[in-house]
Amino acid sequence: MAEVVLTDIQKSYGTVVAVKDFSLEIKDHEFVVLVGPSGCGKSTTLRMIAGLEDITGGTIAIGDRVVNHLQPKDRDIAMVFQNYALYQHMSVRDNLAFGLRNRRVPETEIEAAIAHAARILSIEPLLARRPRQLSGGQQQRVALGRCIVRNPKVFLFDEPLSNLDAQLRAQMRLELKELRLRVPTTSIFVTHDQVEAMTLGDRIVVMKDGLVQQVGTPLELFRKPANRFVASFIGSPAMNFIDLRVAVDGDRIELTREGVALALPARRFPDLGRLAGGKAWVGIRPQHLKLGRPSGNDQIGLKGTLMVTEQLGHEQIVVVRVGRQDIRVAGIDPDLSLATGSEIEACAAIDNLHVFDAQADGASIGVGAPLAEGSIRTELPDRLPP
Amino acid sequence: MSAVAPAQAGSHGFFAMLAPGGRRALFILAAIAVCLLFAFPIFWLVLTSLRPGSGVYYVHRGTEFTIENFHEVLSQPVVLKALWNSFAISTLATIMSLGVTVTSGYMLSRFKGPIPNTWFSLIYVFRCVPYVSWVLPLYFVTLKLGIFDTYWGLLLPHVAVHICFFSWIMKGFFDGIDPSMEYAAMIDGCSRWGAFVRVALPSAIPGLTALAILCWLYTWNEFLFALILTSHETPILTVVMAQFVHELGMEWHLMSATAVLALGPALIVTLFGQKYVIRGLKV
């Protein structure tokens, strides 16, 4: 049971800055996901918390102890690695017992801890086997078991599902969710997969180039991304962005570009007016676009040519070329017959539009519909009976 | 390229024409041919060692066989002493070399910074120097240190050569072992050294065994260092063997008998370790 407090964490390799000014407070039992593309510093941050990398600046506190200079073994943490990192020369039982034996825990207690973890993870029949005799999913369960038996203050996960195939990954994701209810422990999970981040995290930290882009609950990130990067990273299929010039006309803001003309009420986007004469990106999620004409003042319309259709069985996704820019429209009836090359119109509610400042690195200017208070779950889940 | 392609296509066509049984027969024949090629000199050596001195030039025609040659060489104290010395020096050199090579290879594989870089460069430079050119300076060094014609006088140069050659191989073995296992061990309660000893080292055992065997055989068969750096006090088998060629002629029968004696331990070590060598070199 522990909080993790990271204050202004820095990591540099010579002149290269890997992580810059990373600050985060993780509550007891909270499950935080660090997500971002390769090289964004998320794994480095996790390894600094584990003590596997020295930190260049800042402080890391686990519980009420600053652990900056403590060895990994003294931080009371457990870690699951991408490639499982099981001790190949030991049986599964010895793998599970290794950490406890190092801490001179009596054998009877070790046996009880192994039996408990093996029951939770359904790995009892595997205890006598060697790691290389196990499948990827079984190895990952053993790696989880190695963490559980230790009963540490913090679980660290370094892309633990990346080596599994898509089906197994989805299954392990569910098992992880169930596991965290059975064994509630403060957890930090690193992934580059936004679906894992959205489904597992109480809170998500989006990182890019060593900098935190946004911290929030999955819904906050989805509904109110802080900048274009977060907007493009969270959500699948990714958000559409249309590059437009901004002009103010009384209480209307006109956004135009070759083949595109949008008029938005200024009161819905009060900060957009200051970009007059400049450029903005309008973001629309593919799920929020519908085929057809706009049906009122609270909708915008985009006309274009149908370029490609993707049939997914439960829906179709189409690519429409609007002016010179391609946008995706999702959630289309799979039985609808659409001819590529035909002229088509899509519409979206102004509520669902996101506007980003093209000059200020894509910072968010506003969202059509502000988040309603209390619409986002922030409380931690209840504990399941073991 | 264009000249190679039709030739490849032709050979492929030839094998494709053969029935599967024919292909297997051809493969077995080729394997037997290769085995004979390597086994024949050993067969001839054993045959020569069993012939009397007068019959060594007519090995293929003679009918007279004897084990007198073995009696004769084994009755010479210098041969017995050389057998023991070669065995002891090979074993000690292997133990000492592995002790250094394992840690050196591990450092080269896992750590970065000025110390590993300097060590790497040093080894590289020594590897670039031809082996033969070390011998004469080493002779003077051993004389100066007063270890000429002693175990240390031969052990230290051997260990030095092994460190240069085998640190690279050991680095390769450790490169093939996932470092996250050691990180997991460090989180599980081990120190950095503990993670090396308890996790990395046991995982490298196939590689280590392969290296130990190669190291032992290399020292056992080595001739040049033994010839220059030892004399009457510390006779070495490879040198003693060569001394059957002298101004009065060449005693092939005795030399062969000694060579067969030398073959024994090497054969045992190889048979014992061949699966480790193959597994280790595959890492």
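Residues numbered from 1 in each chain as written. Chains lettered and ligands numbered in written order. Predicted model: local features only at pLDDT ≥ 70, side-chain atom pairs only at ≥ 80, totals over all residues.

Considerations on the overall build of chain B
Rules: To qualify as a helix, a DSSP run of H or I must reach at least 4 residues; to qualify as a strand, a run of E must reach at least 2; elements of each kind are numbered from the N terminus. We compute the radius of gyration over the C-alpha atoms and compare it with the globule rule, which gives 2.2 Å times the number of residues raised to the power 0.38. Around each residue's C-beta, the other C-beta atoms within 10 Å are counted; 20 or more make the residue buried, 12 or fewer make it exposed, and counts in between make it partly exposed. All C-beta atoms are placed from the backbone. Distance between backbone-placed C-beta atoms decides contact: two residues are in contact if it is within 7 Å.
Counting its regular elements, chain B contains 13 helices and two strands. Here the C-alpha atoms of chain B give a radius of gyration of 24 Å, more than 25% beyond the 19 Å that 2.2 N^0.38 yields for 283 residues. The buried share among the 283 residues of chain B stands at 34%. Pairs at least 24 residues apart make up 73% of the contacts formed inside chain B by residues separated by at least 6 positions.

Observations concerning helix 10 (residues 205-221) of chain B
Defined as follows: Take the number of residues in a helix, subtract one, and multiply by 1.5 Å to get its expected span.
Look at helix 10 of chain B: 24 Å from first C-alpha to last across 17 residues, which is about the 24 Å you get at 1.5 Å a residue. Considered for burial, the residues of helix 10 of chain B that qualify are G207(B), L208(B), A210(B), L211(B), A212(B), I213(B), C215(B), W216(B), T219(B) and W220(B).

Observations concerning the domain arrangement of chain B
Residue and element names in this part refer to chain B. Formally: Annotation comment: domain bounds sourced from an automatic or database domain assignment.
Taken as a whole, chain B is organised into domain 1 (4-49) and domain 2 (69-282). Its C-alpha centre places domain 1 at a distance of 34 Å from the equivalent point of domain 2. Taken residue by residue, the interface counts four residues in domain 1 and seven residues in domain 2.

What about the interface of chain B and chain A?
How we decide: Put simply, Ala, Val, Leu, Ile, Met, Phe, Trp, Tyr, Cys and Pro go in the nonpolar bin, Asp, Glu, Lys and Arg in the charged bin, and everything else, Gly too, in the polar bin.
At the junction of the two partners, chain B supplies 14 residues and chain A supplies 18 residues. Breaking the side of chain B that touches chain A down by element, the ones donating at least two residues are helix 8 (179-187) and helix 9 (192-203) of chain B. Considering every element that reaches the side of chain B that touches chain A, the biggest residue donor is helix 8 of chain B, with six residues. A class-by-class count of the residues in the side of chain B that touches chain A yields eight nonpolar, four polar and two charged.

Points about the pairing of strand 2 (residues 16-26) of chain A
All names here are of chain A. Counted only if it meets this: What makes two strands pair is DSSP finding at least two bridges between them.
With seven bridges connecting them, strand 1 (residues 4-13) and strand 2 associate as antiparallel partners. What sits directly across from K11, in strand 2, is V19. Between strand 1 and strand 2, which follow one another and run antiparallel, lie two residues, and G14 among them has a positive phi close to 65°.

Structural notes on the packing of helix 4 (residues 77-110) of chain B against helix 5 (residues 114-128) of chain B
Residues and elements named next belong to chain B. Applicable threshold: Lines fitted to the C-alpha atoms define the axes, with helices restricted to the stretch that makes contact. Angles between their N-to-C directions range from 0 to 180 degrees. Roughly parallel covers angles under 35 degrees, roughly antiparallel covers those over 145, roughly perpendicular covers 65 to 115, and oblique covers all other angles. Crossing handedness is read from the near helix: turned anticlockwise from the far helix by less than a right angle, it gives a left-handed crossing, and turned clockwise, a right-handed one.
Interhelical geometry of helix 4 versus helix 5 gives an angle of 120° and a closest axis separation of 9 Å. One way to sum up the angle between helix 4 and helix 5 is to call them oblique. For the crossing formed where helix 4 meets helix 5, the hand is left-handed. Between helix 4, through S104, M107 and L108, and helix 5, the contact on the second element is made entirely by P116, W119 and F120. Grouping the constituent residues of the contact of helix 4 with helix 5 by class yields five nonpolar, one polar and no charged.

Quick look at the sheet that holds strand 19 (residues 343-349) of chain A
Judged by pairing direction, the sheet is antiparallel, and its five strands sit side by side in the order 15-19-16-17-18 (chain A) without closing on themselves. Unpaired on one side and paired on the other, strand 15 (290-291) and strand 18 (325-332) of chain A mark the two borders of the sheet.

Quick notes on the domain arrangement of chain A
By a frequent convention, interface size equals the accessible area lost on bringing the separate parts together. Residues and elements named next belong to chain A. With domains assigned, chain A is organised as domain 1 (4-230) and domain 2 (237-367). The C-alpha-based centres of domain 1 and domain 2 are spaced at 38 Å. In this assembly, six residues from domain 1 lie in contact with 10 residues from domain 2. A breakdown of the residues in the side of domain 1 that touches domain 2 according to their chemical character gives three nonpolar, one polar and two charged.

Quick word on the environment of N240(A)
The residue N240(A) is located in strand 11 (residues 240-249) in this model. With sequence-adjacent residues up to four places away left out, N240(A) is seen in contact with G283(A), I284(A), P286(A), I327(A) and R328(A).

Regarding the packing of helix 3 (residues 107-121) of chain A against helix 4 (residues 136-150) of chain A
Residue and element names in this part refer to chain A. Put simply, helix 3 and helix 4 touch, their axes get as near as 9 Å, and they point 140° apart. Regarding the angle of helix 3 to helix 4, the classification is oblique. Of the two possible hands of crossing, helix 3 and helix 4 adopt the one that is right-handed. Facing helix 3, whose interface residues are A113, I114, A117, A118, I120 and L121, helix 4 presents R141, L144, G145, I148 and V149.

Some thoughts on the confidence of the model for chain A
Filter applied, for reference: Along the chain, pLDDT gives the predictor's confidence residue by residue, from 0 to 100.
With 95% of its residues at a pLDDT of 70 or more, chain A shows a mean pLDDT of 90. Confidence drops under a pLDDT of 50 for residues 371-381 of chain A, and excluding neighbours within four residues, the segment shows 12 contacts in the predicted structure.

Description of the nonpolar core
Selection criterion: Each nonpolar core comprises buried Ala, Val, Leu, Ile, Met, Phe, Trp, Tyr and Cys residues, the members being joined through C-beta atoms within 7 Å.
Counting residues in hydrophobic clusters, the biggest one holds 165 residues, and the most contacted among them are M79(A), L156(A), I188(A), A280(A) and V282(A). Ignoring anything within four residues of it in the chain, the contact list for A280(A) reads L244(A), V246(A), L255(A), L272(A), L275(A), V355(A), F356(A), D357(A), A358(A) and I365(A).

Looking at unusual backbone geometry
Residues and elements named next belong to chain A. Residues S236 and P237 are joined by a peptide bond in cis, for which omega reads -5°. At S122, a residue that is not glycine, the phi angle is positive and equals roughly 55°. Residue placement: S122 occurs in the loop between helix 3 and helix 4.

Things to note about the sheet that holds strand 4 (residues 57-62) of chain A
Within a sheet, each strand pairs with its neighbour through backbone hydrogen bonds, oriented either parallel or antiparallel. Residues and elements named next belong to chain A. Pairing is antiparallel in the open sheet, where four strands are placed in the order 2-1-4-5. The strands lining the two open edges of the sheet, one partner per strand, are strand 2 and strand 5 (65-66). For strand 1 and strand 4, the ladder comprises five bridges, and the chain directions are antiparallel. Bridge pairing links L6 to I60 in strand 4. Running at roughly 115° to strand 1, helix 1 (residues 42-50) makes contact with strand 1, strand 2 and strand 4 of the sheet.

A word on the pairing of strand 10 (residues 211-216) of chain A
Residues and elements named next belong to chain A. Of the pairings in the sheet, the one linking strand 9 (residues 203-208) to strand 10 comprises five bridges and is antiparallel in character. Along strand 10, the bridge assignment pairs K208 with L211. If you look at the hairpin formed by strand 9 and strand 10, you'll find two residues sitting between the two strands, and D209 has a positive phi there, around 50°.

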